[in-house]
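The lines below spell out each chain.
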Amino acid sequence: MTLAQLSPYYQESAALIGARLKELRAERRQTTDEAYQKSLDRRILELRPLYTECRELARLTAHYYDRSFYRNAKYSL
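These figures come from a predicted structure and were not determined experimentally. (Residues numbered from 1 in each chain as written. Predicted model: local features only at pLDDT ≥ 70, side-chain atom pairs only at ≥ 80, totals over all residues. Heavy atoms only, no water.)

On to the overall build of the protein chain. Along the backbone of the protein chain there are two helices and zero strands. Each of the 77 residues in the protein chain was classed as buried or not, and the buried ones make up 22%. When contacts within the protein chain are restricted to residue pairs at least 6 apart in sequence, long-range pairs at least 24 apart make up 49% of them. (Helix = DSSP H or I, 4+ residues; strand = E, 2+ residues; numbered from the N terminus. Buried < 20%, exposed > 50% of the residue type's maximum accessible area, 1.4 Å probe, protein only. Contact = heavy atoms within 4.5 Å.)

What follows is about helix α2 (residues 34-63). Between its first and last C-alpha, α2 extends 44 Å over 30 residues, near the 44 Å set by a 1.5 Å rise per residue. Along α2, the residues that are buried comprise Q37, L40, I44, L47, C54, L57, A58, L60 and T61. Residues of α2 that are buried in the fold lie against α1 (3-30). In this structure D33 caps α2, since a side-chain oxygen of it lies 3.3 Å from the backbone nitrogen of A35. (Expected span 1.5 Å × (residues − 1). Polar contact = N/O pair within 3.5 Å; in protein donor to acceptor, adjacent residues only side chain to side chain.)

Okay, the environment of E27 next. Mapped onto the secondary structure, E27 falls in helix α1. By relative accessible area, E27 is classed as partly exposed at 27%. The sequence separation of E27 and L40 amounts to 13 residues, and the corresponding C-alpha distance is 8.1 Å. The contacts of E27, once residues within four sequence positions are left out, are Y36 and L40.

Quick look at α1 now. End to end, α1 covers 41 Å across 28 residues, agreeing with the expected 40 Å (1.5 Å per residue, within 8%). Those residues of α1 hidden inside the fold are in contact with α2.

Now for the nonpolar core. Ranked by size, the top nonpolar core spans eight residues in total: A14, I17, L21, L24, L40, I44, L47 and C54. Counting only elements with at least two residues in this core, the list comes to α1 and α2. Each residue touching I44, except ones within four places of it in the same chain, is listed here: L21, L24 and R25. (Core = buried A, V, L, I, M, F, W, Y, C linked by side-chain atoms within 4.5 Å.)

Counting through the fold element by element, T61 comes out in helix α2. Of note is the side chain of T61, whose polar atom sits 2.7 Å from the backbone oxygen of L57. With residues near it in sequence (within four places) discarded, T61 still touches L3, A4, L6, S7 and Y10.

In structure tokens form, the structure reads like this:
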């Protein structure tokens with residue numbers, strides 16, 4: 001499997017995590033329980049980096065073999 005073939009999997013994961021983040025934010029807006037809000041905040045904070053990383057990796061793997069693509073220094077060796 002090439003990196004370009006991995007890209008859709010990263011995109012799908014990012015979409016799922018993004019949808020879950022939306023759900024958590026909506027749930028946080030609707031609740032008035034402060035302890036539950038803090039719990040939701042923690043879950044949101046834990047998911048955000050995963051969401052960002054999946055999106056970055058989807059883009060990187062989709063264009064990894066393009067000569068003109070600027071690679072992200074964060075993911076290079």
